[in-house]
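Topology and contacts: notes
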Amino acid sequence: MPRLEFVRETTIRKTGRVMQLGSLFDVAPEAGHRVEWALDVPIEEKPWTVGLIVGPSGTGKTTIARELFGPKVVTGFDWPADRCIVDAFPDEMATDTAAGFLSAVGFGSVPQWLRPYHVLSTGQQFRATLARALAENDGLVCVDEFTSVVDRQVAQVCAAAVSRAVRRMEGRQFVAVTCHYDVEPWLDPDWVLDLGQADGERPFVWRLLRGRPPIPLTIVRAIPSTWSHFAEHHYLTASHPSGAVCYVAFIGDEPVAWCSLAKDFMRASTTPNGWRLCRTVVLPQYQGLGIGMALREYIAGCWKWVGQRVSTATSHQGLVKAMSRSPRWDCIRGTGTINRKTRNYVGGKTGVRPTASFRYIGPAVEEGPPSWP
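Reading guide: rules and limits
- Residues numbered from 1 in each chain as written.
- Predicted model: local features only at pLDDT ≥ 70, side-chain atom pairs only at ≥ 80, totals over all residues.
- Heavy atoms only, no water.
- Phe/Tyr/Trp six-rings, centres within 6.5 Å; stacked < 30°, edge-to-face > 60°.
- Buried < 20%, exposed > 50% of the residue type's maximum accessible area, 1.4 Å probe, protein only.
- Helix = DSSP H or I, 4+ residues; strand = E, 2+ residues; numbered from the N terminus.
- Lys NZ or Arg CZ within 6 Å of the ring centre and 35° of its normal.
- Pairing = 2+ DSSP bridges.
- Right-handed = clockwise from strand over helix to strand, strands pointing away.
- Core = buried A, V, L, I, M, F, W, Y, C linked by side-chain atoms within 4.5 Å.
- Contact = heavy atoms within 4.5 Å.
- Salt bridge = Lys/Arg side-chain N within 4 Å of Asp/Glu carboxyl O.
- Axes fitted to C-alpha atoms, helices over the stretch in contact; angles between N-to-C directions.
- Parallel < 35°, antiparallel > 145°, perpendicular 65-115°, else oblique.
- Left-handed = near helix turned anticlockwise from the far one by under 90°.
- Polar contact = N/O pair within 3.5 Å; in protein donor to acceptor, adjacent residues only side chain to side chain.

**Some thoughts on the packing of aromatic side chains**
As enumerated under the stated definition, the model contains 11 aromatic pairs in all. An angle of 85° between the planes, with centres 6.4 Å apart, marks the rings of F77 and W79 as edge-to-face. Overall, the relative accessible area of 15% leaves W79 in the buried class. Centre to centre, the rings of F126 and F146 are 5.5 Å apart; their planes meet at 65°, and the pair counts as edge-to-face. One end of the pair, F126, is in helix α5 (residues 122-136); the other, F146, is in the loop between β5 (140-143) and α6 (152-167), with 20 residues separating them in the sequence. By way of ring pairs, the aromatic residues W48, W191, F204 and W206 are connected into one cluster. Looking at R132, its charged tip hangs above the ring of W79, at a distance of 4.8 Å from the centre.

As structure tokens, then:
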């Protein structure tokens, strides 16, 4: 659709209240409201994955989005008050698939998945809506009022998370409709339709992808009691292994992520220099940016530099997929279970949650805070 031309008209009834207000403020009531649009929107010229329609309120963003994408425009969903958010996804969808969509948009907190929509924070509700929009729409999905109800920090993180997720999905396209210009560098769209520039010569432009803005992290050694700040957001029990070496990542003065590792006593006889990552948590408002994986690899690299071998086991399927894609991790045991009594690996049998194990094989990090215990 290289050229978009259409008209919207609405008839206005001249009621007594309308006539009274017109006389009070010396404004002649019109018989109707008419708006015309004539825009070049050449989205068929090139292949693309992510688009952005942006502009001040009242510029016709939603109208144009509906003209372009019709029923693919998502404004929200009805969420059952007595069911967890994972149960609001299509009944025929596998649980792992629904969880994958939630993780993909940066909503990786399993305890929150088991709560109804109305008790979640505004940011979590927005991410859940994004996940469900992707889950229930094949191909293209357009989300109206994108990030309009969340604070700007959460908005930027959500924009980066959904862009990153959609670009990993084969055959998917995503369009955000918003009045907030600050999400553009984080969404990193292939094209932008700026309706604030509709009177200019080029409201539509193709962009070169630049990647999201960098996020500087400061990583420091932490005392074990700091775990209480992160515990409720971990998908396993809040208890923490004793004797673990703990680290916290900061953005500025704000703690945003936790990573700890402990001696690998199960492999002590064969790998005396073995350590295992035991807890990694990124606070909800920062999930979806890759901070958790970057923190894991940085800490593992630091310990590799001082001659230690780092491995990890996880049952979080989003993390299993991410580590399987990474060239810095070697899968030493595919997804299966561990027998509680014998501690032997028993493949896919039931009774214990399925886990997969990985060993860090990436580069050593010369400068870092291993803080040998």
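**Focus on the pairing of strand β6 (residues 173-178)**
Counting buried positions along β6 gives 5 out of 6 residues, so the element sits mostly inside the fold. As paired strands, strand β3 (residues 50-54) and β6 are joined by 5 bridges and run parallel to one another. The residue of β6 that forms the bridge with V54 is T178. Relative to β6, β5 is paired through 4 bridges, and the arrangement is parallel. The residue of β6 that forms the bridge with C142 is V175. Tracing the backbone out of β5, into α6 and back to the parallel element β6 gives a crossover that is right-handed.

**Some thoughts on the nonpolar core**
Judged by nonpolar contacts, the single largest core of 73 residues is most densely connected at F146 and F174. Here this core takes 9 residues from α6, the largest share from any one element. For F174, the residues in contact, after removing those within four places along its chain, are W48, T49, V50, G51, L130, L134, V141, V143, F146, V162, V166 and L187. Ranked by size, the runner-up nonpolar core spans 18 residues in total, among them I43, F69, C142 and L193.

**So, the environment of T75**
Take T75: it is sitting in the loop between β4 (73-74) and α3 (95-104). With relative accessibility at 56%, the residue T75 sits in the exposed group. Taking the C-alpha atoms as reference, T75 lies 8.7 Å from C142; in sequence the two are 67 residues apart. Setting aside its immediate chain neighbours within four residues, T75 contacts R66 and D144.

**Examining unusual backbone geometry**
For T147, which is not glycine, the phi torsion reads 65° and is therefore positive. Tracing the chain through its elements places T147 in the loop between β5 and α6. Positive phi, close to 50°, is recorded for D188, a residue that is not glycine. On the basis of relative accessible area, D188 is assigned to the buried category, the value being 7%.

**Considering the pattern of salt bridges**
Tallied over the full model, the rule gives 6 salt bridges. Across the salt bridge formed by R132 and E136, the nearest N and O atoms sit 2.6 Å from each other. With a gap of 4 residues between them, R132 and E136 both fall in helix α5, about one helical turn apart. For D190, the salt bridge identified is with R167, shortest N-O distance 3.4 Å. In this pair, D190 sits in the loop between α7 (184-187) and β7 (191-194) while R167 sits in helix α6, placing the two residues 23 residues apart along the sequence. Accessibility expressed as a relative area gives 11% for D190, which makes it buried.

**Comments concerning the packing of α5 against α6**
Think of two packed helices as two axes; the pair is described by the angle between the axes and how far apart they sit. Here α5 crosses α6 at 20°, and the two axes come no closer than 11 Å. Judged by the angle between their axes, α5 and α6 are roughly parallel. Handedness of the crossing formed by α5 with α6: right-handed. Between α5 and α6, the contacting residues are G123, F126, R127, L130 and L134 on the first element and V154, V157, C158, A161, V162 and V166 on the second.

**Examining the side chain of N137**
Note that N137 resides in the loop between α5 and β5. A polar contact of 2.8 Å, which involves the side chain of N137, links it to the backbone oxygen of A133. In contact with N137, not counting residues within four places along its chain, are K72, V74 and R172.

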